[in-house]
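Structure at a glance
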Amino acid sequence: MTAIVKTPAEWTREQIDTIKQTVARGANDAQLALFLEVCRSRSLDPFTKQVYYTPQGIIVSIDGFRAIAERTGCYAPGPTRYEYDDQKGLVAAHVTVRKLVAGTWFDLEESARYEEYRGTSPIWKSKPHVMLAKCAESRALRRAFSSDLSGLYSPEEMDQREEQTPAPRTVTVEAEIGRAHV
């Protein structure tokens, strides 16, 4: 299997089948077509887990967020800091990203409060600082690069989400495969 670099519209039938059996497991044909279109339009690589499908929707890993921001040529990571209460309990994570605008670097900070984002998965219990920082960083990157990241959410942000899966577009897998040059 060939790795996807920048041309996901050229996926083979084998690659599409692999995506459906792994990172888009459980997606019906319409959901898979939407997933493939998001991968194509955002140049995200599902084989390196930059993006994957869940019953709650399409989610992008923090690596996917960073890759999109990096491609702008106007991104630099900034510091992360944590806030604690009087009992030394985690309250919030604050993450700064830097964006180059007209030759000047600007710092954009976003915060994620533990009470709003904490999930119930084992990873949230064992690594709450890492998970909360990913939420804050996703927010900061979306704010800094809104035209590139609008509508994309990280799994850490979705962990406690209760909304239903958005209605899938009515695009067939065959239409996507036709564009895939198989």
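Data block above holds the structure.
Computed from a predicted model, the values in this text were never measured in an experiment.

Let's shift gears to the sheet that holds strand S5 (residues 104-113). Taken together, the 3 strands give an open sheet; going across it, the order is S3-S4-S5, and neighbouring strands pair in antiparallel fashion. Looking at which strands have only one partner, the edges of the open sheet turn out to be strand S3 (75-84) and S5. Across this sheet, the average inter-strand angle for adjacent strands is 20°, counted without regard to direction. Here S3 runs beside strand S4 (residues 90-101); their pairing, made up of 8 bridges, is antiparallel. When the bridges of S4 are listed, Tyr75 appears paired with Lys99.

As a further point, take the pattern of salt bridges. Considering all chains together, one arrives at 11 salt bridges under this definition. The partner of Arg66 in a salt bridge is Glu137, and the shortest N-O contact between them spans 2.8 Å. Of this pair, Arg66 sits in helix H3 (residues 62-71) while Glu137 is found in helix H6 (residues 128-144), placing the two residues 71 residues apart along the sequence. Given the relative accessible area of 31%, Arg66 is considered partly exposed. Exposure remark for Glu137: the relative accessible area of 11% places this residue in the buried category. Overlapping salt bridges, with partners in common, bring together Asp63, Arg66 and Glu137 in one network.

A word on the pairing of S4. Side chains on a regular strand alternate between the two faces of the sheet. Counting the residues that bridge the hairpin from S3 to S4 gives 5 residues, and of these Lys88 lies at a positive phi of roughly 70°. Alignment of S4 against S5, held across 10 bridges, turns out to be antiparallel. Paired with Ala92 across the bridge in S5 is Arg113. Between the antiparallel neighbours S4 and S5 lie 2 residues, among them Ala102 with a positive phi of about 50°.

On to unusual backbone geometry. Although it is not a glycine, Lys88 adopts a positive phi angle of roughly 70°. One can find Lys88 in the loop between S3 and S4. Residues other than glycine seldom take positive phi values, yet Ala102 does so here, at roughly 50°. With respect to the helices and strands, Ala102 occurs in the loop between S4 and S5. Here Ala102 falls in the exposed class, since its relative accessible area comes to 82%.

Cut-offs and rules
- Numbers given for residues are sequential positions, taken from 1 along each chain in its written order.
- Per-residue local features are limited, in this predicted model, to residues with pLDDT of at least 70; the limit for side-chain atom pairs, both in listing and counting, is 80 or more; totals at the level of whole chains, interfaces and linings are taken over all residues.
- Side-chain descriptors were evaluated using all non-hydrogen atoms of the structure, hydrogens and water having been removed beforehand.
- The pairing criterion is simple: DSSP has to find at least two bridges between the two strands.
- Per the convention used, a helix needs a DSSP run of H or I reaching at least four residues, while a strand needs a run of E reaching at least two, with both numbered from the N terminus.
- Helix axes use the C-alpha atoms of the stretch in contact, all axes being lines fitted to C-alpha atoms, and the angles between their N-to-C directions lie in the range 0 to 180 degrees.
- Salt-bridge detection follows one rule: a side-chain nitrogen of Lys or Arg within 4 Å of a carboxyl oxygen of Asp or Glu.
- Relative accessibility decides the category of a residue: with a 1.4 Å probe and only protein chains considered, values under 20% of the type maximum give buried, values over 50% give exposed, and everything between is partly exposed.

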